[in-house]
Structure formats: C-alpha cells, structure tokens
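# Architecture and fold: a report
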Amino acid sequence: MAAVIALFAGVIIAGSLQLDTGWVPETGPQAGYLPLRLGIGLAVISVLIFLQMLRNPEGGGFVTGGQLKSTLAIFLPTVVLVAAMPWLGCYVPSWLYLCYMIKAHGGTGIGKSVLVSSLIIIAFYLVFDLWFQVDLAKGPVESFLGL
Amino acid sequence: MTDFSFLWSGFETALTLHHIAIMIGGVLLGILVGVLPGLGAPNGVTLLLPLTFTMDPISAIILLSSMYWGALFGGSTTSILFNIPGEPSSVATTFDGHPMAKQGRTEEALSTAFLSAGFGAFVGVVLVTLIANVVADFALQFGPAEFFGVFLLTFCSYVGMSGGRPLKTVASVLIGLILTAIGMDTVSGEMRLTYGTTSLVNGVSYLAAVIGLFGIGELLVTVEEGLEFKGLKARMNFGVIWRTLKGMPRHAVVLLRSTAIGCWMGITPGGPTAASFMSYGIARRFSRNKENFGKGEPAGVVAPEAADHSAGVSALLPMLSLGIPGSATAAVMMGGLMIWGLQPGPMLFIEQPDFVWGLIASMYIANIVAVVLVLSTIPLFASILKAPFSIIGPVIIVVCLIGAYTISNRMLDVYLALGFGVIGYLFKKLDYPIAPLILAMVLGDKMEDAFRQSMLLSQGSFSIFFSNGLVSTLMVLSILLACWGLIPRFGRRRAGGPSLVEE
C-alpha cells in the first residue's frame, strides 16, 4: 500500500511540475504550488508508513485465497458490467448482471432469477425515468423498444 | 442568544403536510439503507442527492437529513439483531446489543437503543438551536486567514483523534486534497493534473468517491467476510418499550455523559463513529459492573447509541454555521447545499434564514417521526434481510453504479466509483480511515482558496496566520492537535499501552 501511495505521489509531483509551481511575492502561490507540496508530503508519509511497517510487521497476508476468490467473484462481473454500460446503456447490462449474479450465487433456477431481476429493473425504470425524471443512459435495445 | 421567532417560523415551514410526507419518506429510505450492509448514511444521501436537484432546497434538505436520521436508527438495528453493524458508527452497539438479543431481550435492547438514540438526537438539536446562530455571528468576523485556520484545525483534529493511526490519517487527508486539485484551478483557470485528458477538466467528483468508497468498497469487504444473516426475530410490543422508558433514569449518568461526548465529537469533526467508540469505552471504564460489559449490559447499548446520534445531529452545526461538515454524511449534504446554489457558512443565517430555521425545526420533528417509525416498522425491515444476500448484494452494486451515473449523467463517474470501490476495499482492509478523505475532497478547494486569498492579502507572507489573537489561537491549536496525534503515539505503541477500545 505504501508503495502504491508513493507511486501516486510521484505521478502528482510529475503532473504539478508541468504547472507554474512558483511563488509570486504579490499574489502568493501559483496553480502548481500546492499540488506539488501536497505530492511531496504524501511521498514522505508513504516512506514513514513503510518504515513503521518494517518496525512492527503484522504477521500473515491480508487476504486468504478463499476470501480473494469470493471477492473477485463479485468484483469481476461488476467490471464487466461497468465496461458494458457505455455501449448498452444502464438497463440491459444491469439486467443481465442481476440475472447472472442471482443465478450463480443464489443457486436459484433460471426462471426465478430472470423474474426477480426483471422486477428490479422495472422498479428502477419507474423510479428514475418516470418518477424522478432522471434519464439514465440508454442503449440500442431501449431505442428499439421505443422507450 | 437565539431569536425564537425564527425557530417558530421554521416550524411553520416544516410542519406542512408536504414536508411531513417528505420526512416520513426520508426516514423510511434511511432505515432501509441503514439496515442494508454496504449502504449507509453517507452513500444513501449521495445516491439520493442527484434526485433532489429539481426540488426546492428546503424540501431537499429535509429529505436528505431525514434520511440521515433514519439511517442512524437502521444501522443500530442490524447491530443488535444480526451482530452486523449496518453503519460503521454502530459497531460499538454490537458489543452489548447483540448479546442482549441472544439472551432473548431483543425488544429491550432495541427499545433501549432507540430511546437513548432519540434522547441523544434531541439534545443535539437543542444544542444546534441554541448556539448555531452565535457561532455564525462569531464567524462573520472571519477573514480568509481565519477560515484557513479553521480548515486546518478540522484536519488536524482528525489526525489528533485518529486512535493510533495518525500517519494513515494524514495520507488519507493528503490524497483527498490532491484529488480536489484535479481539474480547473479556481483562481487562475489553468488546467491542473489532467494529464492532457479532457475528461478530468471538471475534476474528480467527491460524490463518485463516496459511492465507491462507502458503497462498493464496503460491499466487497462484506462479501469477503462471508455474510450470513443468522438473525434473531424482531418483535416489538409497547409494554416492553414503556418498561424500558421507565428504566431509562437508571442510565441517566451514562446517557448524559455519552450525549456530551457525542455533541463534542460531532461539532469538532471526530464524527459519530469515534464518538460511539469513545463513550462505550468510557462507560465501561467508569461502570460499577464492568465485567457485565460485552455480555449484554444495557448501559453498553445506551452509551454508543446516545453518542452516535448526538454526534450525527450536532455534525450539522459546524456545517451550517461555518461551512465545515462534522461528519462524512454532513460533508455530502454540504456539497448538496452548494449544488442548490446556497453557500454554507455564516452568511447563510443572514441570507437564507427560512432555509436554516426550516431545517432546524424539521430536525425536531423528523427525529420524533424517526423514533416512532423505527419502533413500529422494525420487524418489517428486519424481514428484508431474510432475502438472500445473493439478491441484495448485486442490487446494491447496481444501485451504486446507476447512482454514480446520475450525478452528472456521464460514464466517467461510473468508472471513478468502481475505481474508488477498489481503493475503499484496500483502505478498509489496511485500516486507513475513509472519512478524512471525503472531508478533504469537499473542503479542499475552499481551503486552497482561503490560503491563496490570505496570501494575496498579506502579499505572500505567512505572518498573516499569526496577525491577530483569533487566527493565532487556531493555528497553535491545530499544530498542538497534530503533534498530539503524531508524536506520543509512537512511544505509547512501543510500550503496548491500552487503546481506546479493547476488543
């Protein structure tokens, strides 16, 4: 984690160096002044955290294989869902996602999981598009249905 | 002192049928997000926020704040029934609440929790009523340097109260501050840290961050722990509630002390979570039957609940009067205020008295509504959790992602929410605090503006931060708090000293 933070700090420092990081006597700091200082501060902190970790190392890994597996089982389909949203809109991928998740993790039959996810998606449509009139992203399927 | 005619007209605003209906809806939604794991007050309010853009501000804030109160109640319910805190701030309630429920004293535990919470919330509102105006008047004298001092004090008090992880808190604050710097510079209009992309011009939305960090991140952790609701039946009968109410004076000392701690932690940005742990620890240390704690001692429910709610309510005081939120949820609400075109801070009391006092009056009513609703509907909400997690979990994720999209109808926020979800997961696993990051993201721009404006005033000299008694006091206090967090902890940890809350 300390290494990740240090990397992030490095990117920030590099980014702020492209700006004017100076200090003009009349107007004080320029645009890049604070981001650069904050980035350096973060880099220092990451080193300190690393040192602290060396001094009292906490035994054991931070996830077990089984835990990682169940987390990834949720996380990876979610990544696919997010990746599909720009092309297919919000509704269709969400519906497929719910069908898959309820089927795969709940151990229910196909019919039931399709039914449950359809009900949920219809509820979403009612709440967002009709009730609060927030237009969610639509894809080709919605335009085909004329929604 | 407060002019009560303002409060009176506030009640006239809040006590309309429309607003009462909004309160009931808000509280019910709040209990729902409070009960569901992975959804809590901060991201419940965030998800609802885009839907309020078309409402008028007073109805919108009543909806959001009612949701906040409902979520605080809902969180403690799951702590007691399922030993799963629905909110981070109700973790301390599990220590004694769940054992009580296991002994078959479910109703007693729930009604004790709700009544102490109601008391804490009430004291919090009274406090807000009495001193919000005074604080705002005082803050009218503040210049940019003083505001910078207050912001600094806010962050330093997080570091000072971080309970053995000051470095991680500092890292969290710095990351938040850096993230707000992304996008257009508010002073010069230059693009900062966008790395040549156009999508980052508008900056990183803190709402997406809240959804990711609190929603998706938390859910990933929950999944990993292998969630199973082996809950106890929730029933409610009014005989037990009445008996608990009559028994409350026995806990008067604990109740008052915890409420005081809660109010203090709410006004200073310690937040409800720290408040509930702290008052639980103190209640145990000073209790006569110390050995009963952790085995179902009612005082162990009273303490965290009263502190949690009084902190939650009084967190709105600095938000309204200074423009500094006292908790993550208050931070999101403050962002909402700014989106509705209101500027939180001392001027709000002068420019928008209807809004401020309508909100304060609604806090009295909404908390009464919340206690009544939570006592009568808890069996219903508890039964929602009987639905398998394989349905609830994915639905929560979809709600979070769609919520991220509704912030400003762009896909970038959805990607960001997912990315923050991963960060939130790592933060949770490695014990980094999340709330300071959110606070830094909300306050970052204002803090930088205050800093740069003071530098303009002083023509680039730091002496402005020590130019008068007020600002010097703020600066010295900040430095002291930061030192208190950073320096002695190293020594104490080496000695293996006691932490605030012993498991």
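Residues numbered from 1 in each chain as written. Chains lettered and ligands numbered in written order. Predicted model: local features only at pLDDT ≥ 70, side-chain atom pairs only at ≥ 80, totals over all residues. Heavy atoms only, no water.

Scanning chain A from N- to C-terminus turns up six helices and two strands. In sequence order, the secondary structure elements of chain A are arranged as α-β-β-α-α-α-α-α. When each of the 147 residues of chain A is scored for burial, the buried share is 39%. Considering only contacts within chain A whose residues lie at least 6 apart along the sequence, 44% involve residues at least 24 apart. (Helix = DSSP H or I, 4+ residues; strand = E, 2+ residues; numbered from the N terminus. Buried < 20%, exposed > 50% of the residue type's maximum accessible area, 1.4 Å probe, protein only. Contact = heavy atoms within 4.5 Å.)

In terms of regular secondary structure, chain B is built from 21 helices and two strands. Put simply, chain B has 503 residues, and 65% of those count as buried. Looking at chain B alone, contacts between residues at least 24 apart form 79% of all its contacts between residues at least 6 apart. In the form shown here, chain B has an accessible surface area of approximately 17,700 Å², with 66% of it arising from carbon and sulfur atoms. (Areas by Shrake-Rupley, 256 points an atom, 1.4 Å probe, with all protein chains shown as cover.)

A probe as big as a water molecule, rolled over the atoms, marks out the empty space that is left. By volume, the second largest pocket is sized at about 910 Å³. Forming the boundary of the second largest pocket are 32 residues, of which F124 and V127 of chain A together with L29, L32 and V399 of chain B lie nearest the centre. Those elements that place two or more of their residues in the lining of the second largest pocket are α5 (110-131) of chain A together with α2 (17-35), α3 (41-48), α4 (57-82) and α18 (389-408) of chain B. Partitioned by chemical class, the residues of the lining of the second largest pocket number 26 nonpolar, six polar and no charged. (1 Å grid on protein atoms, 1.4 Å probe; cavity = no way out; pocket = protein on both sides within 12 Å on 5 of 7 lines; lining within 4 Å. Points joined across faces, edges and corners; volume = space filled by probe spheres on them. Nonpolar A, V, L, I, M, F, W, Y, C, P; charged D, E, K, R; others polar.)

Moving on, we get to α3 of chain B. All names here are of chain B. Extensive coverage of α3 is indicated by the burial of eight of its eight residues. Among all positions of α3, only A41, P42, N43, G44, V45, T46, L47 and L48 are buried. Of the surrounding elements, those touching the buried residues of α3 are α2, α4, α9 (206-224), α15 (328-339) and α18.

Tracing the backbone shows P436 of chain B in helix α20 (residues 435-458). Excluding anything up to four places from it in sequence, P436 of chain B contacts F155, Y158, T169, S172 and V173 of chain B.

On to the confidence of the model for chain B. Residue and element names in this part refer to chain B. Residues at a pLDDT of 70 or more form 86% of chain B, whose mean pLDDT is 78. Confidence over residues 489-503 falls short of pLDDT 50; this stretch has 23 contacts with residues more than four positions distant or in other chains. Per the prediction output, this complex has pTM 0.78; the corresponding ipTM is 0.77. (pLDDT = per-residue confidence, 0-100.)

Before going further, it helps to examine helix α13 (residues 299-314) of chain B. When the terminal C-alpha atoms of α13 of chain B are compared, their 22 Å separation across 16 residues agrees well with the 22 Å that a helix rising 1.5 Å per residue should span. Of all 16 residues that make up α13 of chain B, 16 are buried, and the element is covered over most of its length. (Expected span 1.5 Å × (residues − 1).)

With that settled, the discussion passes to the pattern of salt bridges. When their charged atoms lie close together, side chains carrying opposite charge are able to pair. All names here are of chain B. For the coordinates displayed, the defined rule picks out one salt bridge over all chains. For E108, the salt bridge is made with R105, and the minimal N-O distance between the two is 3.3 Å. Judged by relative accessible area, R105 falls into the partly exposed class, the value being 26%. (Salt bridge = Lys/Arg side-chain N within 4 Å of Asp/Glu carboxyl O.)

Our focus in this paragraph is the nonpolar core. Residue and element names in this part refer to chain B. Among the nonpolar cores identified, the biggest contains 180 residues, and I61, W69 and I438 are the most heavily contacted of them. Here this core takes 19 residues from helix α17 (residues 353-384), the largest share from any one element. In contact with W69, other than residues within four places in its own chain, are H309, G312, V313, L316, M363, A366, N367 and A370. Counting 14 residues, the second largest nonpolar core, distinct from the first, contains A92, F277, Y280 and A299. (Core = buried A, V, L, I, M, F, W, Y, C linked by side-chain atoms within 4.5 Å.)

Quick look at the packing of helix α6 (residues 106-139) of chain B against α17 of chain B now. All names here are of chain B. Their axes nearest at 10 Å, the elements α6 and α17 cross at an angle of 180°. One way to sum up the angle between α6 and α17 is to call them roughly antiparallel. Note on element contacts: α17 touches α6 through W357, I360, M363, Y364, N367, V371, V374, L375 and I378, opposite L110, S111, F114, G118, A121, F122, V125, V126, V128, T129 and N133. Residues belonging to the contact of α6 with α17 are distributed by class as follows: 15 nonpolar, five polar and no charged. (Axes fitted to C-alpha atoms, helices over the stretch in contact; angles between N-to-C directions. Parallel < 35°, antiparallel > 145°, perpendicular 65-115°, else oblique.)

What follows concerns the packing of aromatic side chains. Residues and elements named next belong to chain B. This structure, assessed with the given rule, holds ten aromatic pairs over all chains. Consider the rings of Y280 and F293, whose centres lie 5.7 Å apart with planes at 75°: the pair is edge-to-face. Within this pair, whereas Y280 is found in helix α12 (residues 271-285), its partner F293 is found in the loop between α12 and α13, the two being separated by 13 residues in sequence. Neither Y280 nor F293 differs from the other in exposure class; each is buried. When the ring of F349 is compared with that of W357, the centres are 6.4 Å apart and the planes differ by 85°; the resulting orientation is edge-to-face. In this pair, the class of F349 matches that of W357, namely buried. Through pairs of rings, three or more aromatic residues link up here, namely F95, F277, Y280 and F293. (Phe/Tyr/Trp six-rings, centres within 6.5 Å; stacked < 30°, edge-to-face > 60°.)

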